[in-house]
Amino acid sequence: MRPRSLKLKVGVYLAIALMAAMGVFIALVIQYQRAQLIAQASEHVAQVSQVISRSNQAGIDRVRIFNKDGRIIHSTYPPEIGVTVDRQAEACYHCHQSEKPLARIPQDKRSRVFSSTNGQHLLANMEVIRNEPSCYNAACHQHPRAQSVLGVLDVVYSLDNMDRTLRTNAFALAALALGFVLLASLGIGILVHRLVYVPLRDLGHGARRLAAGDLDHEIPVRSADELGQLSTSFNSMTAALRESQEERNTWARTLEQKVAQRTKELRVAQAEAARGEKLASVGLLASGIAHELNNPLTGVLTFSTLLRKKMPDGSPDAEDLDLVIQETKRCAAIIRRLLDFAREKKPEKKFHDINEIIEETERLIERPAHLRDIEIRKELDRSLPPVWVDADQIKQVMMNMMVNAQQAIDKKGTITVRTGIAAEPKRTDPGAPPVRMVEIAVIDTGCGISEKNLERIFDPFFTSKEVGKGTGLGLSVSHGIVRAHGGLIEVESEEGEGSTFRVFLPLEPDAETAELLRSGNAT
């Protein structure tokens, strides 16, 4: 089975390559050592052959002497004495390759390596016995002077000891080579583990974390080589993906917010359009009703007042007429409100101090509020600049707001009036640019407004008060006045927790009015 781990692959393949290389190396060393040993043995045998005529030295298999005819005349192995050797035999072939024997034989041609019939490994060396002067002049020799070669001395040397030495050396070299391979494989395996496997493992782990959606994971950069550069590039890619995802999420949130804001503005615009149509219809109806009722009510009030003057105080008829006059005046007040609602009087704007308008309005309701144990708190920003408004209409708006707040408190409570610059610019219409506004907040601790009534509180004639305590026109008129000033009203309320009405008015005149003011055509 092929290894799948990179570390294991490198270790195994490297071990195989090293073992093959070491095998070749060992074979070459053994061959070289064998050649050296044979050369040394040949030289040694040659030297011994020169001094041995007859010997049974340890390691020498046999010593024999040939005469010039190739007959063995002496041997340490007696059975071969007298045997004539074939000239084509291995021992004679080098000298007798031709009809005339060689006079001189090179030293490397004198020795030969062969195996005996019993498988023994042998080395033989021939030494020519020449007819020296000491020989042909001696009385014991019968060889004439003309005979140059007396015979051949052939020494056969056993190579068993050398072969055992070679085997021992081969085993030692193999053990050393194996140890070298193991050590080299271990060292290279540790190196590959540190330089290759660990960075690749970090990259693989980082890739899995990235695939799982974890963009905060960073791969450790362990070196400055190619794998370190790859880790750095991977971290840069992860950071870019993280920034891209954050940017995409930001755009998605921004888009959702813009869609929600535009939807809200569209709904507000639709509600304003519907309210405008409703107000126009109600205004037209109210105007006709007010004109039709105003004249009869004026006559009733006039004649009732004249009759009352003729009645003595304390009489039953006088009390009845007082009630008629009171209710007639109340009807007249309602009709005046209807007329004010129907006329939609255009604001006559000038620069006024908002805080001063609020203080004047507060003085009008201060006494009745005090009688009901209601505290009016003023938190006015004295640094507010003058605002371009119709003071009477804004005073009417503040009066409606404070009276509603007072009527919403059954027992002891608090009304807080706060002024200041709005925290952020406001836009009154979806397509209009946002402008800086003055914020007037009227906060009460009354009964609050239910959620189902919050969307209807600015509708004409809508009221949650008891019959006879309200006409439902105050907030409608106030809403129309604020819209005519280019502002808006926001309501926050929770049933049983009180209400907060916020009136926003433009801090500066519109561009056309500002131009007229600069040119001196407006006051």
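Here the structure is shown first, and the text comes after it.
The rules we used
Residues numbered from 1 in each chain as written. Predicted model: local features only at pLDDT ≥ 70, side-chain atom pairs only at ≥ 80, totals over all residues. Heavy atoms only, no water. Helix = DSSP H or I, 4+ residues; strand = E, 2+ residues; numbered from the N terminus. Expected span 1.5 Å × (residues − 1). Bend = angle between axes of the 7 residues up to and from the residue. Buried < 20%, exposed > 50% of the residue type's maximum accessible area, 1.4 Å probe, protein only. Polar contact = N/O pair within 3.5 Å; in protein donor to acceptor, adjacent residues only side chain to side chain. Salt bridge = Lys/Arg side-chain N within 4 Å of Asp/Glu carboxyl O. Patch = residues over 30% accessible without salt bridge, like charges linked within 9 Å, V, L, I, M, F, W, Y side chains within 5 Å. Areas by Shrake-Rupley, 256 points an atom, 1.4 Å probe, with all protein chains shown as cover. Lys, Arg positive; Asp, Glu negative; His and termini not counted. Charge placed at Lys NZ, Arg CZ, Asp CG, Glu CD. Pairing = 2+ DSSP bridges. Axes fitted to C-alpha atoms, helices over the stretch in contact; angles between N-to-C directions. Core = buried A, V, L, I, M, F, W, Y, C linked by side-chain atoms within 4.5 Å. Contact = heavy atoms within 4.5 Å.

Explain helix α8 (residues 354–371) to me, please; I cannot follow it from the model alone.
Residues spaced three or four apart along an α-helix point in a common direction, a consequence of the helix completing one turn every 3.6 residues. For α8, with 18 residues, the first-to-last C-alpha span of 26 Å sits near the 26 Å given by 1.5 Å per residue. A bend of about 45° at Ile365 is the largest found in α8, and the proline Pro368 appears one to four places after it. All of the buried residues in α8 are Ile354, Asn355, Ile357, Ile358, Glu359, Thr361, Glu362, Ile365 and Ala369. For α8, the capping residue at the N-terminal end is Asp353, with a side-chain oxygen 3.0 Å from the backbone nitrogen of Asn355. A positive phi of about 60° marks Asp373, the residue just after α8.

For this particular structure, what's the right way to read the pattern of salt bridges?
A pair can form between side chains of opposite charge whenever their charged atoms are brought close. Enumeration over the complete set of coordinates arrives at eleven salt bridges. In this structure, Arg382 and Glu359 form a salt bridge, with 2.9 Å as the shortest nitrogen-oxygen distance. In this pair, Arg382 is assigned in the loop between β7 (374–379) and β8 (387–389) and Glu359 in helix α8, connecting sequence segments 23 residues apart. Here Lys395 makes a salt bridge to Glu360, at a shortest N to O gap of 2.7 Å. Note that Lys395 is positioned in helix α9 (residues 391–408) and Glu360 in helix α8, a separation of 35 residues in sequence. Judged by its relative accessible area of 23%, Lys395 is partly exposed. For Glu360, a relative accessible area of 26% gives the class partly exposed. Within this structure, Arg308, Asp313 and Asp322 form a network of salt bridges that share partners.

What should I look at first to understand a nonpolar patch on the surface in this one?
Nonpolar side chains collect at one region of the surface, where Met19, Leu178 and Leu182 lie side by side and expose about 310 Å² of accessible area between them. Tracing the chain through its elements places Met19 in helix α1 (residues 6–51). Using a relative accessible area of 48% as the deciding quantity, one classes Met19 as partly exposed.

How do you make sense of a negative patch on the surface when you look at a structure like this?
Side chains of Asp216, Glu218, Glu243, Glu246 and Glu247 sit close together on the surface and give a patch of like negative charge. Since its relative accessible area comes to 48%, Glu247 is described here as partly exposed.

I'm lost on the sheet that holds strand β10 (residues 437–444) in this one. Help?
Strand pairs in the sheet, formed through backbone hydrogen bonds, run parallel or antiparallel to each other. Ordered in space as β7-β9-β10-β12-β11, the five strands form an open sheet in which the pairing is mixed. Each edge of the sheet is formed by a strand with only one pairing partner; in this case those strands are β7 and β11 (488–494). Between one strand axis and the next, the sheet turns by 15° as a mean value, whatever way the strands run. Sheet topology note: the β7/strand β9 (residues 413–421) ladder contains six bridges and is parallel.

Just to check I follow, could you spell out the nonpolar core for this structure?
Side chains of nonpolar character tend, in soluble globular proteins, to be buried together. Judged by nonpolar contacts, the single largest core of 36 residues is most densely connected at Ile358, Met401, Ile415, Ile440 and Leu505. The set of elements that each furnish at least two residues to this core consists of α8, β7, β8, α9, β9, β10, α11 (474–484) and β12 (498–506). Looking at which element gives the most residues to this core, the answer is α9, with seven residues. Not counting residues up to four positions away in its chain, the partners in contact with Met401 are Val442, Leu475, Ser478, Ile489, Phe501 and Val503. Of all hydrophobic cores here, the second largest spans seven residues; its members include Leu18, Met22, Ile26 and Ala177.

Mind showing me how you'd approach the environment of Arg377 here?
With respect to the element layout, Arg377 can be found in strand β7. By relative accessible area, Arg377 is classed as partly exposed at 41%. Put simply, Arg377 and Thr416 are 39 residues apart on the chain and 4.6 Å apart in space, counted from C-alpha to C-alpha. Setting aside anything within four residues of it in sequence, one finds Arg377 in contact with Thr414, Ile415, Thr416 and Val417. There is a polar contact of 3.4 Å between the side chain of Arg377 and the side chain of Glu375.

What should I look at first to understand the side chain of Glu439 in this one?
Looking at where Glu439 falls in the secondary structure, it is placed in strand β10. Assessed through its relative accessible area of 17%, Glu439 is described here as buried. A polar contact of 2.8 Å, which involves the side chain of Glu439, links it to the side chain of Arg502. Those residues in contact with Glu439 that lie beyond four places of it in its chain are Arg418, Thr419, Gly420, Ala422, Arg502, Val503 and Phe504.

Explain α11 here, please?
The complete set of buried residues in α11 reads Leu475, Ser476, Val477, Ser478, His479, Ile481 and Val482. Backbone geometry just downstream of α11 places Gly486 in the positive-phi region, at approximately 80°.

Just to check I follow, could you spell out unusual backbone geometry for this structure?
Keep in mind that most residues, glycine aside, have a negative phi and that most peptide bonds are trans. Its identity as a non-glycine residue notwithstanding, Asp373 has a phi of 60°, on the positive side. Mapped onto the fold, Asp373 is located in the loop between α8 and β7. Here Asp373 falls in the partly exposed class, since its relative accessible area comes to 46%.

Geometric values such as these leave the question of function open.
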